[in-house]
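The primary structure of each chain is shown beneath.
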Amino acid sequence: MRTFYIFKIKDEYARLTKNNPYHLYKMMSYIYNIDRTEINRGAELFYQMVERLKSKDMDIQIFKKYQDNFFYTKFKNIHQVNNIYKKEESKLIVHKHFLLLKSTVIRPTFLNDLKEYPNIFLCDFENKDYFWLERLFQKT
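This is a predicted model, so every value here is computed, not measured. (Residues numbered from 1 in each chain as written. Predicted model: local features only at pLDDT ≥ 70, side-chain atom pairs only at ≥ 80, totals over all residues. Heavy atoms only, no water.)

Here's the deal with unusual backbone geometry
This is how the line gets drawn: The secondary structure listing takes helices from DSSP runs of H or I that are at least 4 residues long and strands from runs of E that are at least 2 residues long, numbered from the N terminus. When accessible area is computed with a 1.4 Å probe and restricted to protein chains, residues below 20% of their type maximum are described as buried, those above 50% as exposed, and intermediate ones as partly exposed.
For K87, which is not glycine, the phi dihedral falls at a positive 55°. Along the chain, the position of K87 falls in the loop between β3 (78-83) and β4 (88-94). A residue is classified by how much of its surface remains accessible, and K87, at 68% relative accessible area, is exposed. Phi at N119 is positive, roughly 60°, even though this residue is not glycine. Relative to the elements of secondary structure, N119 occurs in the loop between α5 (111-114) and β6 (120-124). Given a relative accessible area of 9%, N119 falls into the buried group.

Structural notes on the packing of helix α2 (residues 21-32) against helix α3 (residues 39-49)
Heads up, the condition is: To get an axis, a line is fitted to the C-alpha atoms, and for a helix only the part in contact is used. The angle between two axes follows their N-to-C directions and goes from 0 to 180 degrees. A clockwise turn of the near helix away from the far one marks a right-handed crossing, whereas an anticlockwise turn of less than a right angle marks a left-handed crossing. Contacts are assigned to residue pairs that have any heavy atoms within 4.5 Å of one another. In this classification, Asp, Glu, Lys and Arg are treated as charged, Ala, Val, Leu, Ile, Met, Phe, Trp, Tyr, Cys and Pro as nonpolar, and every other residue, Gly included, as polar.
Interaxial distance between α2 and α3 falls to 9 Å at its minimum, and their mutual angle equals 145°. You can see that α2 and α3 cross each other, and the crossing is left-handed. Here L24, M27, M28, Y30 and I31 of α2 come into contact with α3, specifically with R41, G42, L45, F46 and M49. Looking at the contact of α2 with α3, its residues break down into eight nonpolar, one polar and one charged.

Describing the nonpolar core
Here is a general trend for soluble globular proteins: nonpolar side chains tend to be buried in one another's company. The condition is simple: The term nonpolar core refers to a set of buried residues drawn from Ala, Val, Leu, Ile, Met, Phe, Trp, Tyr and Cys, joined through side-chain atoms within 4.5 Å.
Formed by 20 residues in total, the largest nonpolar core has its most connected members in I6, L99, F110 and L122. Broken down by secondary-structure element, the contributors of at least two residues to this core are β1 (2-8), α4 (55-66), β4, β5 (99-103), α5 and β6. The element best represented in this core is α4, accounting for three residues. Residues within four places of F110 in sequence aside, it is in contact with I62, Y66, Y72, H79, Q80, V81, S90, L92 and L101.

So, in structure tokens, the structure goes:
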């Protein structure tokens, strides 16, 4: 199972790190693994780099898209897809400043819904994986 933290990066940081996302990942990893004694410094850095999501709107938009889907369920801000044919179990949790996506597949269904938003950056801290969402959907 993969766990992705999904952030909407502010324009100025996105421009600086678009061609070299490693530096952005290192900063996000630093914040993720920060010592409790420095939590204020980490939060300050996090809020400088990450835009607040329109979480209510995003929550409603995802629900409207999938509400008639047999494989979809929703409880509060948690969206789930359990597609037995694709062997996909994905859970998307909508927070104010980030999304948390847990999935059994490499390219979860919910990523298609996020590609319309600019500057979306995904980090899987456990597997040391990171990428810009737009690069995932670029034609090669």
